[in-house]
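Inside the fold
The residues making up each chain are set out below.
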Amino acid sequence: MASHSRGQFSSKLGFIMAAAGSAVGLGNVWGFPTKAASNGGAAFLVIYLVMVFALAFPMLVAELTIGRYGQSNPISSLKKIWSKQPAIAATFGLIAILTASFILSFYSIIAGWLMGYAVAPSLDFIGFADAAIWVTSFSDSRNVVLAVLFSLLTVFVVQKGIADGIEKWSTRLMPLLLALFVLMIVYIFTQDGAMEGLKMYLIPDLSHINGGLLVDSMGQAFFSLSLGCGSMMVYGSYLSKDVNIPRTAAQVASIDTGIAFTAGLLILPAMYVAKQNGVEIFNDAGQLKSSTDLVFTVLPSMFDTMGGIGILLGLCFFVLMVIAALTSSISMLEVPVSCAQDELNWNRSTATWGIGGVILLVSVIISLNFGALFGLVVDVTTVYLQPLLGAVWAVFVGWIWHRNKLLGEIKQGNPEIADSLFWKIWPWYVRFICPVAILMVFIYPLI
Ligand code: PHE
């Protein structure tokens, strides 16, 4: 048994903000707009919304419920559900931990770029023009140094523990980010070319829907809601028993999806505005030149056209984004750290520094072999492992967990649920539809 006492979020709002903090991050501002731009815009948006509503939301309820029932890390929580097969349950828990750790290893690299763009204008202003260029230009050294800095920040926050570290960082950030988005959207809509981007984003051309788009949008939905890899299970374990889980999950999913939608409303128009201004966004065949750094090309080019106010806006935007990335990265590191605490009896400091250090090493290896490893790690973890693990959790909830025990857990914080429409549909839906639908999305492109 663990020797430490288990932390808890201090209020319902605190939890929603922390879980939304985990969900809102690079997935919304880098992943979603980039994938939408490379998959026909509105067609991707439509299918993405379907994936969030039909697959990610029910699985978010499932993961939070598993975590709160288990009151522990993913390994123990899963073992508690499948007590007859503890070894198999633990193996899946371990795969989730590895997935969260590998996600963190590439996430730190991109978040490091955000840090670079956040400090560049100030560096320029105080006369360090070369440094400003270095932090915003692609190089192995820049990638490594900034990823190290971002990882240290993550370790620092996680080490401080649950309510203190995580909750504090998450509250009040999202409204500010949203306000900034609105400002930027209003500006970009006044620029030449913006309407072309807006049309691409909002008028669906269904001919773009194909197997690849389905797989991409499902992975993006699981990534954006922090599913599959145990983050939401761990956060569920810190959730108090008087919280209504389905309602909380719906709030978190709405905030996350709202922010992704808003980010698309900015970035797709901004892409065409940048093109008008002579920035090379597309190649001769009309495809995106580089999807990985699309956002990092388009946004700075927009801030450039805004004059002095652009410098200030850019600074606020990138600083807020670094914080948004941080509230996500801490929820990744929390997965292995909570396991080491509970299962190996490590204290929080040792677990955080030790595991954070190993993940950082992986980040450095990826940075130094960017071309070969970056896309590979992103795809294996977010496109494949997150949804596939989601299918496994659906099997745990739908087939292995005793229905009465599941009802007993979800009833807490929601005593009338047994008579609700939700309870009539959800257990059956998670049992049959979720695992089959997830597998079918993968099989469809093959046939
Ligand atoms: N949801 C986060 C984002 O959108 C990423 C994340 C993935 C966080 C997995 C935790 C676990 O940026």
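This structure is a prediction, so every number in the text was calculated from the model and none was measured.

1. Things to note about the overall build of the chain
From N to C terminus, the chain includes 19 helices and zero strands. Taken along its principal axes, the extent of the C-alpha atoms in the chain is 60 × 50 × 40 Å. Counting across all 447 residues of the chain, residues that qualify as buried make up 57%. Considering only contacts in the chain between residues 6 or more positions apart, those separated by 24 or more positions represent 83%. On the chain, roughly 17,700 Å² of surface is accessible, and the fraction owed to carbon and sulfur atoms is 67%.

2. Here's the deal with the environment of S72
If you trace the backbone, S72 turns up in the loop between α3 (42-70) and α4 (74-81). Sequence-wise, S72 and M233 are 161 residues apart; in three dimensions their C-alpha atoms are separated by 8.6 Å. Within the structure, the side chain of S72 is placed 3.2 Å from the side chain of D342, a separation counted as a polar contact.

3. Here's the deal with the site of the ligand
Surveying the vicinity of the ligand reveals 16 residues, the closest of which are A23, L26, G27, Y107 and F223. The backbone of S22 places a nitrogen or oxygen atom 3.2 Å from a nitrogen atom of the ligand. Surface burial for the ligand is 100%, taken as the share of its 320 Å² of free accessible area covered by protein chains. Put simply, the ligand lies in the largest cavity. Going through the elements one at a time, α1 (12-23), α2 (26-38), α11 (211-224) and α15 (308-344) are the ones with two or more residues in the shell around the ligand.

4. Some details on the layout of surface pockets
In this model, the largest pocket occupies a volume close to 540 Å³. Considering the residues around the largest pocket, the lining is formed by 24 residues, among which Y117, A120, T136, P300 and D304 are closest to the centre. Residue contributions to the lining of the largest pocket peak at six residues, all from helix α14 (residues 294-304). Counted as a void, the second largest pocket has a volume near 410 Å³. Lining the second largest pocket are 18 residues, with T34, K35, S291, V378 and D379 positioned closest to its centre. Mapped by element, the contributors of at least two residues to the lining of the second largest pocket are α2, α11 and α17 (370-400). Per-element accounting of the lining of the second largest pocket gives the leading share, six residues, to α17. Tallied by class, the residues present in the lining of the second largest pocket amount to six nonpolar, nine polar and three charged.

5. Thoughts on helix α10 (residues 194-202)
Taken together, the buried positions of α10 are A194, G197, L198, M200 and Y201. One side of α10 carries all its buried residues, which in axial view fall inside an arc of 160°. Contacts from the buried residues of α10 go to α2, α3, α9 (173-189) and α13 (245-276).

6. Quick look at the side chain of T257
Mapped onto the elements, T257 comes out in helix α13. With residues up to four places along the chain from it excluded, the contact list for T257 reads Y48, L49 and V52.

7. What about a nonpolar patch on the surface?
Nonpolar side chains collect at one region of the surface, where Y384, L388, L439, I443, Y444, L446 and I447 lie side by side and expose about 770 Å² of accessible area between them. Looking at the nonpolar patch, the elements with two or more residues in it are α17 and α19 (421-443). Relative to the elements of secondary structure, L388 occurs in helix α17. Using a relative accessible area of 33% as the deciding quantity, one classes L388 as partly exposed.

8. Some points on unusual backbone geometry
If a residue is not glycine, its phi is most likely negative; likewise, a peptide bond is most likely trans. One non-glycine residue, Q71, lies in positive phi territory at about 50°. The topology assignment puts Q71 in the loop between α3 and α4. Since its relative accessible area comes to 30%, Q71 is described here as partly exposed.

9. Re the packing of aromatic side chains
Taken as a whole and assessed by the stated rule, the structure comprises 28 aromatic pairs. Here F303 and F318 contribute two aromatic rings whose centre-to-centre distance is 6.0 Å and whose plane-to-plane angle is 70°, an arrangement assigned as edge-to-face. Of the two residues, F303 is situated in helix α14 and F318 in helix α15; the sequence distance between them amounts to 15 residues. Neither F303 nor F318 differs from the other in exposure class; each is buried.

10. Focus on the confidence of the model for the chain
Here the chain averages 92 in pLDDT, and 96% of its residues register 70 or above. Least confident of the elements in the chain is helix α8 (residues 162-170), whose mean pLDDT is 60; most confident is α3, at 98.

11. Description of the pattern of salt bridges
Applying the stated criterion across every chain yields a total of four salt bridges. Where K241 meets E409, a salt bridge forms, and the shortest distance between an N and an O atom there is 3.0 Å. Of this pair, K241 sits in the loop between α12 (231-237) and α13 while E409 sits in helix α18 (residues 403-411), placing them 168 residues apart in sequence. Ionic pairing is found between R348 and E334, a salt bridge with its closest N-O pair at 2.6 Å.

Conventions used here
Residues numbered from 1 in each chain as written. Predicted model: local features only at pLDDT ≥ 70, side-chain atom pairs only at ≥ 80, totals over all residues. Heavy atoms only, no water. Helix = DSSP H or I, 4+ residues; strand = E, 2+ residues; numbered from the N terminus. Buried < 20%, exposed > 50% of the residue type's maximum accessible area, 1.4 Å probe, protein only. Contact = heavy atoms within 4.5 Å. Areas by Shrake-Rupley, 256 points an atom, 1.4 Å probe, with all protein chains shown as cover. Polar contact = N/O pair within 3.5 Å; in protein donor to acceptor, adjacent residues only side chain to side chain. Near = heavy atom within 4 Å. 1 Å grid on protein atoms, 1.4 Å probe; cavity = no way out; pocket = protein on both sides within 12 Å on 5 of 7 lines; lining within 4 Å. Sits in = over half its atoms within 2 Å of the grid points. Points joined across faces, edges and corners; volume = space filled by probe spheres on them. Nonpolar A, V, L, I, M, F, W, Y, C, P; charged D, E, K, R; others polar. Arc of directions from axis to C-beta. Patch = residues over 30% accessible without salt bridge, like charges linked within 9 Å, V, L, I, M, F, W, Y side chains within 5 Å. Salt bridge = Lys/Arg side-chain N within 4 Å of Asp/Glu carboxyl O. Phe/Tyr/Trp six-rings, centres within 6.5 Å; stacked < 30°, edge-to-face > 60°. pLDDT = per-residue confidence, 0-100.

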